[in-house]
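One-letter residues, chain by chain:
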Amino acid sequence: WLARSATTTKQNLATTAIKTSSSSSLTSALVATKLIGVETPLKETYASREISILSEISHPNICQLIHAYPEYNGARLLILSFADGPTLQRIIRKGGALGLPLARLLSREFIGAVSYLHV
């Protein structure tokens, strides 16, 4: 359950106290949040599919689903592990085109994650 949350809207991050079902103690962690609109049956189907997939996978280049809340006011709230570091967009805006070594590394990580999902 979610005990407390302080969210910054711009970056969609929260510092949250989380109690897991396997533990009686609260853990404070930096997490990412995702709000999924489910106002139509099709959007609810997509949200349910995403939650189902995220709950079953574990890969170092894919954020882990920590908790998914039931639908409330036409939306589902997902709490995900926080991926630290700059976004690819920020790296390109700051430094321009990626150098070959970084482009290879990012491509390898991206392809590894996509490959994991499609095995």
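Rules and cut-offs
- Residues numbered from 1 in each chain as written.
- Predicted model: local features only at pLDDT ≥ 70, side-chain atom pairs only at ≥ 80, totals over all residues.
- Heavy atoms only, no water.
- Helix = DSSP H or I, 4+ residues; strand = E, 2+ residues; numbered from the N terminus.
- Buried < 20%, exposed > 50% of the residue type's maximum accessible area, 1.4 Å probe, protein only.
- Contact = heavy atoms within 4.5 Å.
- Core = buried A, V, L, I, M, F, W, Y, C linked by side-chain atoms within 4.5 Å.
- Polar contact = N/O pair within 3.5 Å; in protein donor to acceptor, adjacent residues only side chain to side chain.
- Expected span 1.5 Å × (residues − 1).
- Arc of directions from axis to C-beta.

Examining the overall build of the protein
Assigned secondary structure in the protein consists of three helices and five strands. Starting at the N terminus and ending at the C terminus, the protein contains elements arranged as β-β-β-α-β-β-α-α. Looking at the protein as a whole, 21% of its 119 residues are labelled buried. In the protein, of all internal contacts separated by at least 6 residues, the share reaching a separation of at least 24 is 41%.

Re the nonpolar core
Core analysis: the biggest nonpolar cluster contains twelve residues, these being Ala32, Ile36, Val38, Ala47, Ile51, Leu54, Ile57, Ile62, Leu65, Leu78, Leu80 and Ala113. Among the elements of the structure, strand 3 (26-37), helix 1 (41-56) and strand 5 (75-81) are those that each provide at least two residues to this core. Here this core gets three residues from one element, more than from any other, and that element is helix 1. Contact partners of Ile57, with chain neighbours within four places excluded, come to Ile62, Gln64, Tyr116 and Leu117.

What about the side chain of His59?
As for its placement among the helices and strands, His59 is situated in the loop between helix 1 and strand 4 (65-68). The class for His59 is buried, based on a relative accessible area of 16%. A polar side-chain atom of His59 sits 3.0 Å from the main-chain amide nitrogen of Asn61. Apart from the residues within four sequence positions on either side, His59 is in contact with Gln64, Gly112, Ala113 and Tyr116.

Some details on helix 1
Along its 16 residues, helix 1 runs 23 Å from first to last C-alpha, staying within 8% of the 22 Å computed at 1.5 Å per residue. Considered for burial, the residues of helix 1 that qualify are Ala47, Ile51 and Leu54. Projected down its long axis, helix 1 carries its buried residues within an arc of 70 degrees, all on one side. Exposed residues pointing more than 90 degrees away from the buried face of helix 1 are listed as Pro41, Leu42 and Glu56.

Purely geometric numbers; function is a separate question.
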